[in-house]
Amino acid sequence: MYKLDLPVDYKEASAIERRRAMEEERKTRIFNAKTRQIGVDKQAIEQQMFDKKQMEEYERKRHEAFAADALRNDRIASMLQMRQERDQRALNEALNEFRALHQQPNSRREWDLYDPDYLKKDKPARVHDDDPRCGISSIQKFDGEDLNSKARKKFQNEQARSWHEQQMRERDQAKRSQDAADRLYELKQRELDQRAMDLQKAEEDCRRAINMATADYNKALDNEQKERFRLKEQQDLDDKMTEIANNVFGDILTENPAVAQSAFGPHRVITDRWKGMSPEQLEEIRKQQARQMAENERLRQEEELRDREHERQASANARAALLIERELDRKRRELEKAQADENRRLAAEQKAHLDFLNKEVYTNPPSAAYFMQFNTTTR
């Protein structure tokens, strides 16, 4: 048991005196029949009811404020949704109007393939002898019936040129229409984004950059296609001129080594005309082999240097990792040693405290007066 001759704690003593005074005051209220009312503290209950009503009023106002805020947010969301739907309808109307004005079916390049009135518009199989539609497979004109071949060929050339020019105009018109549609879409998108939220400016800049990059990419592809077409035409022209020159100055059956030169490039030859490589070509091959051997040797040396540098770096990293691991082990051993010292100190303090409790505090057994102090208050 606890000893009763411990030093006086003034803070604890004042708390005990305060509780004793409260107990005496409670006795005067409970044991006095004139002031006691149905065994409860009416003033405290009224205060509790007043506090409860205030809390309910506060909760009611709080719920009303939340409800008003929710209604306002719903109205704002409804207005934003209506505006978005209205903008979407306007965009769809503009798109349909553009399609109705600039994308009619009869303006397409393939309209003649699925025109419902094609048979009505079609001409007879043969109108006259100079009809350009009467080809070899038409079975409308046979050998000996071609009365005006020169005029027909001239007409066919002019017609092909006209078709080519028309295709170029259609392609330019389609490109201009596509560019106009892209500009219309971009302007409409900017307007919608500006009205919706100013914070989407970054997204507009990004879209503008993407459109510019796409336009540049398309332009680069167009230039590349034109260059390929020009090179192909130049190659075809060179092939034709080479064939003409071979036929005019033909020395195919001679021992001229130039006869074996292919029209497809200086590195290719005609096998049935080739007389073997010249000394200059053999010397060039040997020089090229020597250059390749020197280049391979240089690459091998560079690879060996890279391997040695990689091994050196790996070795340095391994040494650094070993030093770091040793330092971590040293710090861990120091921490374990410090923790063990702290645990021994705490164990000694706990043992001293237990000895103090067993030898100094728990030495006074309870008496009958200790048990008589219970059931003497109003609690």
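Residue numbering note: each chain is counted from 1, following its sequence as written. Only residues with pLDDT of 70 or above have their local features reported here, since the model is predicted, and side-chain atom pairs are shown and tallied only from 80 upward, although totals for entire chains, interfaces and linings are computed over all residues. For side-chain calculations, the full set of non-hydrogen atoms in the structure is used, while hydrogens and water are omitted.

Formally: UniProt positions are given in the numbering used here, feature names are shortened, and annotations may be inferred rather than shown by experiment.
As annotated in an unreviewed UniProt entry, the chain carries the name Rib43a-like with coiled-coils protein 2 and is attributed to Plakobranchus ocellatus. According to UniProt, the comment filed for the chain under the heading Subcellular location (unreviewed entry) is "Cytoplasm, Cytoskeleton, Flagellum axoneme". Its UniProt record gives the chain a comment under Subunit (unreviewed entry), which states: "Microtubule inner protein component of sperm flagellar doublet microtubules."

**Structural notes on the overall build of the chain**
Convention followed: Segments assigned H or I by DSSP are reported as helices when at least four residues long, segments assigned E as strands when at least two residues long, and all are numbered from the N terminus. Three labels apply to residues, based on accessible area from a 1.4 Å probe with only protein chains included: buried if under 20% of the type maximum, exposed if over 50%, partly exposed otherwise in between. Only heavy atoms enter the contact rule, under which two residues are in contact if any of them lie within 4.5 Å. The Shrake-Rupley method, run with a 1.4 Å probe, gives the accessible areas here. Residue values count only the displayed protein chains as cover.
Scanning the chain from terminus to terminus reveals 7 helices and 0 strands. Its helices and strands in sequence order give the chain the pattern α-α-α-α-α-α-α, from N to C terminus. Out of the 379 residues belonging to the chain, those deemed buried represent 7%. Once local pairs closer than 6 in sequence are excluded, the contacts in the chain between residues at least 24 apart make up 40%. As displayed, the chain offers around 33800 Å² of accessible surface, 56% of which is attributable to carbon and sulfur atoms.

**What to know about the side chain of Lys 188**
Here Lys 188 is to be found in helix H4 (residues 149-196). Here Lys 188 is in contact with Ala 90 and Leu 91, once residues within four sequence places are set aside.

**What about the packing of helix H2 (residues 42-102) against H4?**
Axis angle and axis distance: for two packed helices, these are the angle between their axes and the distance between the axes, and together they describe the pair. What counts is decided by this rule: Orientation is described by axes fitted as lines to C-alpha atoms, over the contacting stretch for helices, and by angles from 0 to 180 degrees between their N-to-C directions. These descriptions rest on fixed angle ranges, namely under 35 degrees for roughly parallel, over 145 for roughly antiparallel, 65 to 115 for roughly perpendicular, and the rest for oblique.
Axis separation between H2 and H4 bottoms out at 11 Å; the angle between their running directions is 170°. Between H2 and H4, the interaxial angle falls into the category roughly antiparallel. Across from Arg 83, Asp 87, Ala 90, Leu 91 and Phe 98 in H2, the residues of H4 making contact are Ser 177, Ala 181, Lys 188, Leu 192, Arg 195 and Ala 196.

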